[in-house]
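Here are the chains, one letter per residue:
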Amino acid sequence: MGDETAGRQAPADSERSLADLFNDLRQSKDFVSRDHALKNMTVRISYVKPLIDTETMHRDVTRYLLKSEAATLEDLIPDLPYTTVIHTKDVKEMKEKLLRGYVLIQENQNEANGILLETVAKSGRQVDAPEVEFSVIGPKESFVESLEPNLYLIRKRLPISELRIKEVVVGKLTKSRIAVIYIEGIANKENLNTLTQRLKDIQYDQVIDSSFITQMVADNNHSPFPQLLDTERPDRVVSGLVEGKIAMLVDGSPLALMGPTTIVEFFSAFDDYALTWYLASAFRMIRLASVAFSVLATPLYVAVLTYHYQLIPKSLIGTIISSRMGIPFPPFVEAFFMEITIEVLREAGVRLPTKVGQTIGIVGGIVIGTASVQANLTSNILLILVGMGALASFTTPNYKMNNTVRLLRFPFLIAAAFWGLIGIGACFGLIVAHLLTLKSLGRPYIEPFFPYRVRDLKDAFVRLPYNQQGIRPQQLRPLDTWRLSHKKKKGRDIDE
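Residues numbered from 1 in each chain as written. Predicted model: local features only at pLDDT ≥ 70, side-chain atom pairs only at ≥ 80, totals over all residues. Heavy atoms only, no water.

Participant: Got a minute to help me understand the overall build of the chain in this structure?
Facilitator: Counting its regular elements, the chain contains 16 helices and twelve strands. Along the longest, intermediate and shortest principal axes, the C-alpha atoms of the chain span 100 × 70 × 40 Å. Across the 496 residues of the chain, 44% fall into the buried class. The long-range share in the chain, meaning contacts at least 24 apart out of those at least 6 apart in sequence, stands at 64%. Of the roughly 25800 Å² of accessible surface on the chain, 60% is carried by carbon and sulfur atoms. Each charge class in the chain can be summarised by its mean position, and for the 57 positive and 54 negative side chains these summaries are 6 Å apart. (Helix = DSSP H or I, 4+ residues; strand = E, 2+ residues; numbered from the N terminus. Buried < 20%, exposed > 50% of the residue type's maximum accessible area, 1.4 Å probe, protein only. Contact = heavy atoms within 4.5 Å. Areas by Shrake-Rupley, 256 points an atom, 1.4 Å probe, with all protein chains shown as cover. Lys, Arg positive; Asp, Glu negative; His and termini not counted. Charge placed at Lys NZ, Arg CZ, Asp CG, Glu CD.)

Participant: Sorry, what's going on with the side chain of E334 here?
Facilitator: Structurally, E334 can be placed in helix α12 (residues 331-351). If near-sequence neighbours (up to four positions away) are discounted, E334 is found in contact with Y301, R324, I327, F329, L377, T378, S379 and L382.

Participant: I keep staring at the nonpolar core and nothing clicks. Help me out?
Facilitator: Inside soluble globular proteins, nonpolar side chains tend to come together where they are buried. The biggest cluster of nonpolar side chains holds 41 residues, and the ones touching the most others in it are I154, I181, F225, L241, L249, I263 and Y445. For this core, the secondary-structure elements that each account for two or more residues are α6 (147-155), β7 (176-183), α9 (234-243), β9 (246-250), β10 (256-259), α10 (277-306) and α15 (399-437). With ten residues, α15 is the largest single contributor of residues to this core. For Y445, the contacting residues outside a window of four places in its chain are F225, P226, Q227, T261, T262, I263, F266, M401, L435, L438, K439 and S440. (Core = buried A, V, L, I, M, F, W, Y, C linked by side-chain atoms within 4.5 Å.)

Participant: Looking at this structure, how should I read the pairing of strand β1 (residues 31-37)?
Facilitator: Put simply, side chains in a regular strand alternate between the two faces of the sheet. Here β1 runs beside strand β2 (residues 42-48); their pairing, made up of seven bridges, is antiparallel. Within β2, the residue paired with V32 across the bridge is Y47. What sits between the antiparallel neighbours β1 and β2 is a turn of four residues. (Pairing = 2+ DSSP bridges.)

Participant: Sorry if this is basic, but what is going on with the layout of surface pockets here?
Facilitator: In this approach a probe as big as a water molecule rolls over the atoms, and the regions it shows empty are the leftover space. If you add up the space inside the largest pocket, you get close to 1300 Å³. Secondary-structure elements contributing two or more residues to the lining of the largest pocket are α5 (91-98), α6, β6 (163-170) and β7. Here the lining of the largest pocket takes four residues from α5, the largest share from any one element. Partitioning the lining of the largest pocket into residue classes produces 15 nonpolar, seven polar and 14 charged. Approximately 640 Å³ is the volume attributed to the second largest pocket. Lining the second largest pocket are 22 residues, with I263, F267, V291, F428 and L435 sitting closest to its centre. Residue assignment for the lining of the second largest pocket shows that the elements contributing at least two residues are α10 and α15. With ten residues, α15 is the largest single contributor of residues to the lining of the second largest pocket. Tallied by class, residues from the lining of the second largest pocket come to 21 nonpolar, one polar and no charged. (1 Å grid on protein atoms, 1.4 Å probe; cavity = no way out; pocket = protein on both sides within 12 Å on 5 of 7 lines; lining within 4 Å. Points joined across faces, edges and corners; volume = space filled by probe spheres on them. Nonpolar A, V, L, I, M, F, W, Y, C, P; charged D, E, K, R; others polar.)

Participant: When you look at the sheet that holds β7 in this model, what are you seeing that I'm missing?
Facilitator: Sheet strands associate in pairs through backbone hydrogen bonding, adopting either a parallel or an antiparallel arrangement. The antiparallel open sheet is built from five strands, whose spatial order is β6-β7-β9-β10-β8. Each of the sheet's edge strands pairs with one partner strand only, and the pair in question is β6 and β8 (229-231). Within this sheet the neighbouring strands show an average axis-to-axis angle of 25°, counted without direction. Alignment of β8 against β10, held across three bridges, turns out to be antiparallel. Following the sheet pairing, L229 is matched in β10 by M258. (Axes fitted to C-alpha atoms, helices over the stretch in contact; angles between N-to-C directions.)

Participant: Explain the packing of α10 against helix α14 (residues 380-393) to me, please; I cannot follow it from the model alone.
Facilitator: In a pair of packed helices, the angle between the axes and the distance between the axes together describe the arrangement. Two elements in contact, α10 and α14, have axes whose closest approach is 7 Å; the angle formed by their N-to-C orientations is 155°. Comparing the axis directions of α10 and α14 gives the class roughly antiparallel. You can see that α10 and α14 cross each other, and the crossing is left-handed. Listed contacts from α14 to S290, F293, S294, A297, T298 and Y301 of α10 are I381, L382, L385, V386, M388, G389, A392 and S393. Counted by class, the contact of α10 with α14 contains nine nonpolar, five polar and no charged residues. (Parallel < 35°, antiparallel > 145°, perpendicular 65-115°, else oblique. Left-handed = near helix turned anticlockwise from the far one by under 90°.)

Structure below.
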């Protein structure tokens with residue numbers, strides 16, 4: 001197809017197009033284009049130096065070219081020690097490959113005819129243990145910033161011919177490569193087509209990281225809730241693919257994206273699947289309770305002290321009165337000040353170097369908390385609640401959902417200051433209403449609760465044993481629903 005298209009173009013247009021590209025590239029010192037006189041012909045070798053492996057270039061290209069007795073470009077191909085040699089007359093392909101780390105070999109008199117050799121520099125970070133999703137039990141490998149090693153980490157865990165990888169290029173300037181991964185015969189084609197079409201519709205000039213994709217293909221990019229599950233663990237991606245999800249890997253990003261997803265998956269750690277089902281279920285329930293405490297603890301304190309002090313047990317009234325004695329601010333101002341202080345300490349700890357950040361977080365929290373109580377700016381009880389709430393928010397396994405949990409405290413806090421428990425209930429109702437309308441690649445975001453699906457509850461609040469998870473999640477609409485072979489066979493026998 002490429003050769004036929006090139007053949008229909010006027011030679012002058014093709015040569016002018018390549019000449020323009022070379023003139024642009026020659027403005028940079030890292031572009032190399034030289035003529036080499038062989039025994040029976042003259043060739044031009046062009047490449048962008050930082051993108052290629054210089055050792056491979058001299059060992060496998062230059063040395064063999066100087067020994068070659070070929071008289072044409074086609075005769076030169078067998079003399080090169082490469083199993084895959086791209087021979088093309090497509091000028092557009094030459095441009096793209098040249099800027100991807102390929103070496104372009106041309107006959108000097110025919111610039112619209114060339115050979116492309118892959119000599120991409122294999123530089124970058126080595127595969128290491130996960131930093132964000134670290135687990136004590138399970139594999140200790142995480143994705144890196146290069147696409148090919150990431151694909152290898154998935155391929156070695158799924159050695160099946162049904163694994164499909166499609167590449168999409170987005171970004172007018174960055175030309176970022178995105179690998180769309182799924183399993184043929186399991187993944188629903190509608191989910192695949194939805195994601196692929198949204199990727200092709202991206203018109204932005206730069207896509208540097210997978211976080212850009214998350215915002216550009218989301219069903220509702222104004223929602224604080226993440227609608228695609230991001231992970232740095234290849235084992236979690238493989239697990240999602242087997243369920244019927246679609247995965248994405250962006251060249252240059254160490255995080256993979258998966259969808260469609262549900263809100264429950266953001267609160268489940270991959271360690272849950274390495275433990276026995278009752279331990280995993282207990283830890284998951286603790287995690288969910290911690291998130292609820294993190295969001296509601298401070299707003300409830302403000303609501304009760306401002307409007308509903310009748311709800312305070314008599315045994316606690318004396319303690320609360322003594323802790324707030326001398327504090328000049330109402331509960332809302334006191335709580336808002338402490339919450340902002342905690343967020344400032346978090347941001348400072350994240351942005352500073354690791355060792356300094358840890359010191360700032362620990363020492364800063366102790367010093368500021370103690371000084372605030374002694375200066376009668378806040379009460380002991382509120383300080384305990386804010387500290388426990390901040391600690392509880394860290395139980396969220398997903399970093400993006402953790403940020404959402406941090407943000408949700410403030411609407412609840414403001415609503416509690418104005419309307420008390422009624423305000424907290426109204427705020428909760430608005431969030432539930434928002435979640436009911438939210439979708440992930442067109443699929444319900446809070447499934448299996450709405451729409452209610454009993455079968456998918458087996459891996460929601462609790463995780464049942466594997467022998468009771470014989471059916472893939474209905475939310476994904478997988479083409480093959482059965483996971484357990486004996487149940488699948490039994491189901492077929494019954495149908496027959």
